[in-house]
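Listed below, chain by chain, are the residues.
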Amino acid sequence: MADMDNKDQAELDPADMEDVEEVEEEETGEDVNSKARQLTVQMMQNPQILAALQERLDGLVGSPSGYMESLPKVVKRRVNALKNLQVKCAHIEAKFYEEVHELERKYAALYQPLFDKRSDIVKAAYEPTDEECEWKADDEEELTEEMKEKAKVEEEKKDEEKEDPKGIPEFWLTVFKNVDLLSDMLQEHDEPILKHLQDIKVKFSDQGQPMSFSLEFYFEPNEFFTNTLLTKTYKMRSEPDESDPFSFDGPEIMGCTGCTIDWTKGKNVTLKTIKKKQKHKGRGTVRTVTKTVPNDSFFNFFTPPEVPESGELDEDSEAVLAADFEIGHFIRERIVPRAVLYFTGEAIEDDDDDYDEEGEEADDEEGEEEGEEENDPDYDPKV
């Protein structure tokens, strides 16, 4: 048998032997890749390594690779010509965004009658007809006529038991509470005020004027302030910066201005009164001092930090303005056009679905890593 085995091995086709060798090399490569992935995961979980890596990457931003310096002078000259073409492209792109802004203005006028009707329904200025109220929900598709009639009777009974509400109570407050970006700004003392919010509108700058947009918050008369309208205006720039034209990536918010809120005495939720005890160093007597200090509130949104002419801000102000710009843009682009879907939560479910997909991918990756660890003979789960 041993002789036959040796004979079989001797008669193996050289091509077959090559195949065997290649398979062995591939298996070895997989082991190396597996260990490399494990090492990468361990490194990426080390905050010190991550910080050092980030510092290194930050140092590379904007730094020349040395390749340009190695080019012949005649080639550098042609690259400069390409850069000049790129600058012209940036200016054309700026014109494109200016026309987009004009289109936004045009279609905002077409949307507005629908938004006005939405506002009238919310604040009970208009009662929609039966035809306007017809809506086939997904969960009603499979219901029989008998089940639909039973559900209708139950709803009517519930309505009879409750007081007849006007319009859609707390519409905008519910929208705000349903959106994480906005609910993070809300404090408990803001909610009674926002119950009086009746509408939010977006107003674009007039034709020929510098690019900007305003958010207009309409309130019904209330006990907290005398204003019926609070505004926030965002100034935008849609042209390349002469000192850095390649950084242009469309319109950017350059600054914003709020408005003065005429608070009723004792109702200003953006301020709070605190009492501190002070002890006299010499006599040892104690006195109580009352101070008024800023208070967390959604209504601080209307008093953003002022941007000095130099454009330089401290880190805290920069962070506040960056968050402010994000919120203003989100209200303009998402909240106002799709308010009812944020009220019902449907828009939020769509947003969550996007994140769930990413989460599933991450889970799959984690599962692969766990599987690789289990298949690794050197892996010790106790470590």
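Residues numbered from 1 in each chain as written. Predicted model: local features only at pLDDT ≥ 70, side-chain atom pairs only at ≥ 80, totals over all residues. Heavy atoms only, no water.

An unreviewed UniProt entry lists the protein chain under the name Nucleosome assembly protein 1-like 1, with Esox lucius given as the organism. You can read under Sequence similarities (unreviewed entry) in the UniProt record for the protein chain the words "Belongs to the nucleosome assembly protein (NAP) family." Under the UniProt heading Subcellular location (unreviewed entry), the note attached to the protein chain is "Nucleus". (UniProt positions renumbered as here; feature names shortened; annotations may be inferred.)

> Please clarify how the overall build of the protein chain should be interpreted in this entry.
Helix and strand content of the protein chain: 13 helices and six strands. Relative to its 383 residues, the protein chain shows a buried fraction of 23%. In the protein chain, the share of contacts with a sequence separation of at least 24, taken over all contacts with a separation of at least 6, comes to 58%. Looking at the protein chain as shown, the accessible area adds up to about 28,800 Å², and 49% of this sits on carbon and sulfur atoms. (Helix = DSSP H or I, 4+ residues; strand = E, 2+ residues; numbered from the N terminus. Buried < 20%, exposed > 50% of the residue type's maximum accessible area, 1.4 Å probe, protein only. Contact = heavy atoms within 4.5 Å. Areas by Shrake-Rupley, 256 points an atom, 1.4 Å probe, with all protein chains shown as cover.)

> Can you help me understand the side chain of His101 in this one?
Assignment of secondary structure puts His101 in helix 5 (residues 73–122). The exposure class of His101 is buried, given its relative accessible area of 5%. The residues touching His101, leaving out its near neighbours within four places in the chain, are Phe204, Ser205, Met211 and Ser212.

> Explain unusual backbone geometry to me, please; I cannot follow it from the model alone.
Glycine aside, residues mostly have negative phi angles, and peptide bonds mostly take the trans form. Despite not being glycine, Ala124 shows a phi value in the positive range, around 65°. Here Ala124 is to be found in the loop between helix 5 and helix 6 (130–133). The residue Glu170 is not glycine, and still its phi comes out positive at about 55°. Examined against the element boundaries, Glu170 turns out to sit in the loop between helix 7 (145–161) and helix 8 (171–178). Looking at Glu170, the relative accessible area reads 35%, which means it is partly exposed.

> It is not clear to me how a nonpolar patch on the surface should be interpreted in this structure. Could you clarify?
A contiguous nonpolar patch, built from Leu103, Tyr107, Leu110, Tyr111 and Leu114 and spanning about 550 Å² of accessible area, is present on the exposed surface. Along the chain, Tyr111 turns up in helix 5. (Patch = residues over 30% accessible without salt bridge, like charges linked within 9 Å, V, L, I, M, F, W, Y side chains within 5 Å. Salt bridge = Lys/Arg side-chain N within 4 Å of Asp/Glu carboxyl O.)

> For this particular structure, what's the right way to read the packing of aromatic side chains?
Scanning the model with the defined rule gives 21 aromatic pairs in all. With a centroid separation of 5.4 Å and 80° between ring planes, the pair formed by Phe225 and Trp263 is classed as edge-to-face. Here Trp263 lies in the loop between strand 4 (252–257) and strand 5 (271–279) and Phe225 lies in the loop between strand 2 (212–219) and strand 3 (229–237), a separation of 38 residues in the sequence. Seen from their ring centres, Phe298 and Phe302 are 6.1 Å apart, and the 90° between their planes marks the pair as edge-to-face. Its guanidinium or amino end placed over the ring of Tyr218, Lys201 lies 5.0 Å from that ring's centre, counting from NZ or CZ. Here Lys232 stacks its cationic end above the ring of Phe301, 3.5 Å away from the centre of that ring. (Phe/Tyr/Trp six-rings, centres within 6.5 Å; stacked < 30°, edge-to-face > 60°. Lys NZ or Arg CZ within 6 Å of the ring centre and 35° of its normal.)

> How should I be thinking about the pattern of salt bridges in this particular structure?
Pairing between side chains of opposite charge can happen when the charged atoms of each approach one another. Here the structure, examined in full by the defined rule, presents ten salt bridges. Here Glu98 makes a salt bridge to Lys95, at a shortest N to O gap of 4.0 Å. Of the two residues, Glu98 and Lys95 are both situated in helix 5; the distance of three residues between them amounts to about one turn of the helix. For Glu104, the salt bridge goes to Arg332, with nearest N and O atoms at 2.7 Å. Of this pair, Glu104 sits in helix 5 while Arg332 sits in helix 11 (residues 315–335), and the two are 228 residues apart along the sequence.

> Help me understand the pairing of strand 5, please; the structure alone is not making it clear to me.
Relative to strand 6 (residues 286–294), strand 5 runs antiparallel, the two sharing nine bridges. Across the sheet, residue Thr273 finds its bridge partner in strand 6, namely Thr292. Between the antiparallel neighbours strand 5 and strand 6 lie six residues, among them Gly284 with a positive phi of about 80°. (Pairing = 2+ DSSP bridges.)

> Quick question: what am I supposed to make of the sheet that holds strand 1 (residues 197–204) here?
Sheet strands line up and pair through hydrogen bonds in the backbone, either parallel or antiparallel. Reading across the sheet, the four strands line up as 1-2-3-4 and stay open at both edges, with antiparallel pairing between neighbours. At either margin of the open sheet sits one strand with a lone partner, and together these are strand 1 and strand 4. Neighbour to neighbour, the strand axes of the sheet diverge by 20° on average, direction disregarded. In this structure, strand 3 lies alongside strand 4, joined through five bridges in antiparallel fashion. Across the sheet, residue Met236 finds its bridge partner in strand 4, namely Ile253. Helix 8 rests against strand 1 and strand 2 of the sheet, and its axis sits at about 70° to strand 1. (Axes fitted to C-alpha atoms, helices over the stretch in contact; angles between N-to-C directions.)

> Hey, could you run me through the nonpolar core in this one?
Nonpolar side chains in soluble globular proteins tend to be buried together. One finds Phe176, Phe217, Phe298, Phe299, Phe301 and Ile331 to be the most contacted residues of the largest nonpolar core, which totals 49 residues. Element by element, the count of residues in this core is highest for helix 11, at six residues. (Core = buried A, V, L, I, M, F, W, Y, C linked by side-chain atoms within 4.5 Å.)

> Please explain the environment of Glu252 as it appears in this structure.
Within the element layout of this structure, Glu252 appears in strand 4. For Glu252, a relative accessible area of 36% corresponds to the partly exposed category. Counting along the chain gives 14 residues from Glu252 to Ser238, while the straight-line C-alpha distance between them is 6.7 Å. Once you skip the residues sitting within four places of it in the chain, Glu252 turns out to touch Lys235, Met236 and Arg237.

> Help me understand a negative patch on the surface in this model?
The grouping of Asp314, Glu315, Asp316 and Glu318 at the surface amounts to a negative patch. One can find Asp314 in the loop between strand 6 and helix 11. Relative accessible area serves as the criterion here: at 46%, Asp314 is assigned to the partly exposed category. (Lys, Arg positive; Asp, Glu negative; His and termini not counted. Charge placed at Lys NZ, Arg CZ, Asp CG, Glu CD.)

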